[in-house]
Amino acid sequence: MISTDSRLVASVSRLRPMRSLYAGNATSVMQRGWLATRSSNWMVILSGFFEPIFYLLSLGIGLGSLVGTVTTSTGQAIPYVAFIAPALLATAAMNGAVYDSTWNVFFKMHFAKLYQGMLSTSLGPLDVALGEILLALLRGALYAVGFMIVMQALGLNLSWWSILALPAVLLIAFGFASFGMGITSYMKTFQQMDWINFVMLPMFLLSATFYPITVYPEWIRWFIQAMPLWHGVELVRGLTTGAISIAMLWHVLYYLVMIVLGLVLTTRRLRALFLD
Amino acid sequence: MPAPVIAATNLVKKYKDFAAVDGISFEVAPGESFGLLGPNGAGKSTTMRMVGAVSTRTSGDLSVLDLDPNQFGPEIRSQLGVVPQSDNLDSELRVRDNLIVYGRYFGLPLSHVKARADELLAFAQLEDKAKSKVDDLSGGMKRRLTIARALINDPRILLLDEPTTGLDPQARHILWDRLFRLKEQGTTLVLTTHYMDEAEQLCDRLVVVDKGTIMAEGSPAALIREYSSREVLEVRFGSEKNAEVAGMLDGIGERVDVLPDRILVYSDNGEAELVRMTERGLHPITSLVRRSSLEDVFLRLTGRSLIE
Amino acid sequence: MSEQARTGAVKPRRFGGWYVAEHRFRVMRSYLQTVLVTGIGNPFLYLFAMGVGLGSLVSQNLGPDAVNGVSYLQFVAPALLCSAAVTVTAEEFTYPVLLGFKWNPTFYAMNAAPIAPGQIIDGIVYSVIVRLFATCGIYYVFMLFFGAVPHVWGVVSILVAMLTGLAFGTVVMAYVATIEQDSGQVAMLMRFVLLPMFLFSGTFFPLSSMPWFLQWIGWISPLWHGTELSRVFAYGASEPLWLIAVHVLYLAALFVVGWAWTRRIAARRLNK
């Protein structure tokens, strides 16, 4: 009877070379996350929605009166509040995804020993990685929809292209989440985790979020343009302001590469850490 | 004899230069209760991790349910229940949700998992804790929940790594009772322990492991017969004098071991040896005659005490 | 026998708070890297991004001396200094306190030694004052480097910023000391108190450019009072004397009340 089992299994695994990495059951990991969120402090999670709105109200209204209008990278002159809103949307996607895929993952890895338990079942490392990342995306999407509604109410979606900002935001979140989880797998102490903040804060402040990067000298501009958030901000801003161009596909490509590299990295690391 | 469910031949696991497991061979028959007895760091947990298909062996052969864990990790794990050394319950979820979510990891249908979770809560005597938070459970309850969780997929083999370490005596006995029931139902149990009483209670057969290798193999009774005497006389003369007295015990007992705090005299009749000792004018501060245990077997095999 | 006990308590009674502060410094050493990187990186980053970068947009629009008669950089720098102080205290008065009472209950261990509950709180306050002084001092050096302080008296804004941080932080500490069941209250505090305070306290623009129904946030915010006060010293912002007095009194009162109140909570909780 046992030998029948193994013949069956062997034929299945020929069909699916990823079998030892992926059991096709990432949804169970997502369900766990959803249940954990629901039964613990969902208020904390809901509150994440307010962060970009606070920024929008404060800087949009208060600073808007000082700044007036801004010229975007495509030469359009728009009110300051319409300039920062897409940037805040992209940043919110980044923050949500990074928080979920770094601090949360770090805690689960080192304190709750959650992945150890998951990987002693029939789940593979890619199930765990995908499940966690997709849940982070779901949360990111929730924030994004909320923020887009606020933008719509304030008249900050200047074009019908804005509707595409939603998938764009998911792309951004996916990129950051898959990469963040991979990076986190290398972290061993809270002090090392702080380096994530050291990278995030400059990226947030400098990536054409609050003013066009034309204020910088050339070499700083190159540096900023190599960073992922700048691509996200430009992509979302292009969509909400309706300044569509074929060059925006480069931003999309940037994130696609980031997603693939991040997933490969994360899966390999989970395998090395828990199934060595 | 039916085909073994686990078969290991010359199993080796090296971490850089250190061999945590250094050429272990054993077989486990279906329905058997098999133990790995040894001190901390002997390589028991590493062996368990390899059997559990979450650690890749360095060399040797291993088959679990006739499959190679290196290739068929998820397949093997789908048939196992794992109780790790330290509980890794999901403290963000309530007790019953822990079981349900874990069942979903095996791809089991929700309705099945829910029904099974309720059965297992009853089995683990945790029905009234179904809605509690994991952190509010006592150590013994957490352990029983971990075992219940390991049973959610009706595993063919249950792996238990140090199942009762850190529990108080009452909690241990409750847990043993539950494991007995599983054994009666025909579940194959593989457990590691450094408690000899646990090994004697639960194991049909065991291997004594030290420094990554197997020192002896057999049923608890056979091991005691082979490596120890029927009874052991423990005497204390005070930590300064034990070694000195040991020199004067020629001809007493089958064998004598001197430990820092006491002397062990192996014999089929401990009381008689104590009488002979006092006849020589040696009066211990305390004396105790007890049945021989696996602790004595281990001491005999390695020259070291099991719990250090 | 009681004589021995009496002499045994002489030093702890007198210096207990400092022993606790010493303990805190040793703990801080474990995240010294973070203290240094944020202490040096943040002033540079914020002054550059907000003061210079954003400032260039403001001066494009309104000319070089657009806000309060000074450049945007000079306007925003004292506010950033005060925010940095508040950020430090928001961190040092929350997680270590929650930790000490609950997750890693070192406060109970201190209290089992001859240290009184009030002294534990004193020790935390002392240690934070030292870290604040270092952080604000470094920040001020960066402000000078960026040419963000036209006034000689600007150096006083270091003290103003420290007081701002302590006023906010000790009140927060009093609240955190009461948390028995942790369900993410500190995270909520950061999101719903610290962040709005940072954004709506006249930090990046005069409070008056906010609609009236949002200005009350500034009036109760220690950060607004601190920022306004430090602007007086940094570039001689015109402020009526009575309002300056209000700023000082409000900040000092929060600091003292927060501190004393936390001492009482700690005593109740540890000697329960």
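Residues numbered from 1 in each chain as written. Chains lettered and ligands numbered in written order. Predicted model: local features only at pLDDT ≥ 70, side-chain atom pairs only at ≥ 80, totals over all residues.

**Section: the overall build of chain C**
Scanning chain C from terminus to terminus reveals twelve helices and zero strands. Tracing chain C from N to C terminus, the helices and strands come up as α-α-α-α-α-α-α-α-α-α-α-α. For chain C, the C-alpha radius of gyration of 20 Å lies close to 19 Å, the compact-globule estimate for 272 residues. With respect to the principal axes defined by its C-alpha atoms, chain C has extents near 75 × 40 × 35 Å. The contacts in chain C between residues at least 6 apart in sequence include a share of 80% that link residues at least 24 apart. (Helix = DSSP H or I, 4+ residues; strand = E, 2+ residues; numbered from the N terminus. Rg over C-alpha atoms; globule rule 2.2 N^0.38 Å. Contact = placed C-beta atoms within 7 Å.)

**Quick notes on the overall build of chain A**
Within chain A one finds 13 helices and two strands. Since a compact globule built from 276 residues should have a radius of gyration of about 19 Å, the 21 Å found for chain A is in line with a globular shape. Expressed as lengths along the three principal axes of its C-alpha atoms, the size of chain A is roughly 75 × 40 × 35 Å. Here chain A holds 276 residues, and 49% of them are scored as buried. A fraction of 82% describes how many contacts in chain A between residues 6 or more apart in sequence connect residues 24 or more apart. (Buried ≥ 20, exposed ≤ 12 C-beta atoms within 10 Å, placed from the backbone.)

**Let's talk about the interface of chain A and chain C**
Many structure descriptions define interface size as the accessible area lost when the parts assemble. Facing 28 residues of chain A, the contacting portion of chain C comprises 31 residues. Elements represented by at least two residues in the side of chain A that touches chain C include exactly α3 (42-47), α4 (50-67) and α10 (190-206) of chain A. The class makeup of the residues in the side of chain A that touches chain C is 19 nonpolar, seven polar and two charged. (Nonpolar A, V, L, I, M, F, W, Y, C, P; charged D, E, K, R; others polar.)

**Comments concerning helix α4 (residues 72-92) of chain C**
Compared with the 30 Å implied by 1.5 Å per residue over 21 residues, the 30 Å span of α4(C) between its first and last C-alpha is a close match. Burial within α4(C) is extensive, with 20 of its 21 residues counted as buried. (Expected span 1.5 Å × (residues − 1).)

**Observations regarding the sheet that holds strand β4 (residues 59-64) of chain B**
Residue and element names in this part refer to chain B. Strand order in this open sheet of three strands is β2-β1-β4, and the pairing throughout is antiparallel. The open sheet has two edge strands with one neighbour each: β2 (18-28) and β4. Adjacent strand axes in the sheet meet at a mean angle of 25°, parallel and antiparallel pairs treated alike. In terms of strand pairing, strand β1 (residues 6-15) meets β2 through eight bridges, oriented antiparallel. Within β2, the residue paired with I6 across the bridge is V28. (Pairing = 2+ DSSP bridges. Axes fitted to C-alpha atoms, helices over the stretch in contact; angles between N-to-C directions.)

**What about the arrangement of the chains?**
Most contacts, compared over the two pairs of chains touching, are made between chains A and B. The two units chain B and chain C remain apart, with a minimum C-alpha distance of 11 Å.

**Notes on the interface of chain B and chain A**
Facing the 30 residues of chain B at the interface are 30 residues of chain A. Breaking the side of chain B that touches chain A down by element, the ones donating at least two residues are α2 (73-77) and α3 (95-105) of chain B. Of the residues forming the side of chain B that touches chain A, the biggest block, five residues, is contributed by α3(B). Here the residues of the side of chain B that touches chain A are counted per class, giving 13 nonpolar, nine polar and eight charged.

**Some remarks on the packing of α4(C) against helix α11 (residues 222-235) of chain C**
Residue and element names in this part refer to chain C. α11 packs onto α4 with a crossing angle of 135° between their chain directions and a minimal axis gap of 9 Å. When the interaxial angle is binned, α4 and α11 end up oblique. Of the two elements, α4 crosses α11, and the hand of that crossing is right-handed. Across the interface between the two elements, Q74, A77, P78, A79, L81, C82, S83 and V86 of α4 pack against L223, G226, T227, S230, R231, A234 and Y235 of α11. (Parallel < 35°, antiparallel > 145°, perpendicular 65-115°, else oblique. Left-handed = near helix turned anticlockwise from the far one by under 90°.)

**Quick look at the pairing of strand β10 (residues 231-236) of chain B**
All names here are of chain B. Sheet topology places β10 next to strand β12 (residues 263-267); five bridges connect them, and they run antiparallel. Each bridged residue has a counterpart across the sheet, and for L233 the counterpart in β12 is V265. Across six bridges, the pairing between β10 and strand β13 (residues 286-291) is antiparallel. Bridge pairing links L233 to V289 in β13.

**A look at the confidence of the model for chain A**
Residues and elements named next belong to chain A. When pLDDT is averaged along chain A, the result is 86; 92% of the residues meet or exceed 70. Mean pLDDT across the elements of chain A ranges from a minimum in helix α1 (residues 2-15), with 43, to a maximum in helix α12 (residues 228-241), with 95. Confidence drops under pLDDT 50 across residues 1-15; counting only partners more than four residues distant or on other chains, this segment forms ten contacts. (pLDDT = per-residue confidence, 0-100.)

**Description of helix α9 (residues 165-184) of chain A**
For the α-helix, the turn length of 3.6 residues means that residues three or four positions removed from each other point alike. With 20 residues, α9(A) should cover 28 Å at 1.5 Å per step; its first-to-last C-alpha distance of 28 Å lies within 8% of that length. Among the 20 residues that make up α9(A), 17 are buried, leaving the element largely enclosed by the rest of the structure.

**Quick look at the packing of helix α3 (residues 32-62) of chain C against α4(C)**
Residue and element names in this part refer to chain C. Taken N-terminus to C-terminus, the directions of α3 and α4 make an angle of 150°; their axes are 9 Å apart at the nearest point. Relative to α4, the element α3 is oriented roughly antiparallel. Crossing of α3 against α4: the hand is right-handed. Contacts between α3 and α4 involve N42, P43, Y46, L47, M50, G51, V52, L54, G55, V58 and S59 on the former and, on the latter, Y72, L73, V76, A77, L80 and A84.

**A few points about the sheet that holds β12(B)**
Residue and element names in this part refer to chain B. Pairing in this open sheet of four strands is antiparallel, and the strands run β11-β12-β10-β13 from one edge to the other. Each end of this open sheet is capped by a strand with a single partner; those strands are β11 (255-258) and β13. The mean inter-strand angle of the sheet, taken between neighbouring strand axes irrespective of direction, is 20°.

**A few points about the environment of A:L170**
All names here are of chain A. For L170, the position within the fold is in helix α9. Take L170: there are 18 C-beta atoms within 10 Å of it, and that puts it in the partly exposed class. Distance from L170 to L138, taken between C-alpha atoms, is 8.4 Å for residues 32 residues apart in sequence. In contact with L170, not counting residues within four places along its chain, are L137, G140 and A141.

**Some points on the confidence of the model for chain C**
All names here are of chain C. Per-residue confidence for chain C gives a mean pLDDT of 91; residues scoring 70 or more make up 100%. Mean pLDDT across the secondary structure elements of chain C bottoms out at helix α1 (residues 2-8), with 80, and peaks at helix α8 (residues 156-177), with 97. Predicted as a complex, the structure gets a pTM of 0.80 and an ipTM equal to 0.89.

**A word on the environment of B:V265**
All names here are of chain B. Its place among the elements puts V265 in strand β12. In sequence terms V265 and G166 are 99 residues apart; their C-alpha atoms lie 30 Å from each other. If we ignore the near neighbours within four places in the chain, the residues touching V265 are V232, L233, V235, I252, G253, V256 and E273.

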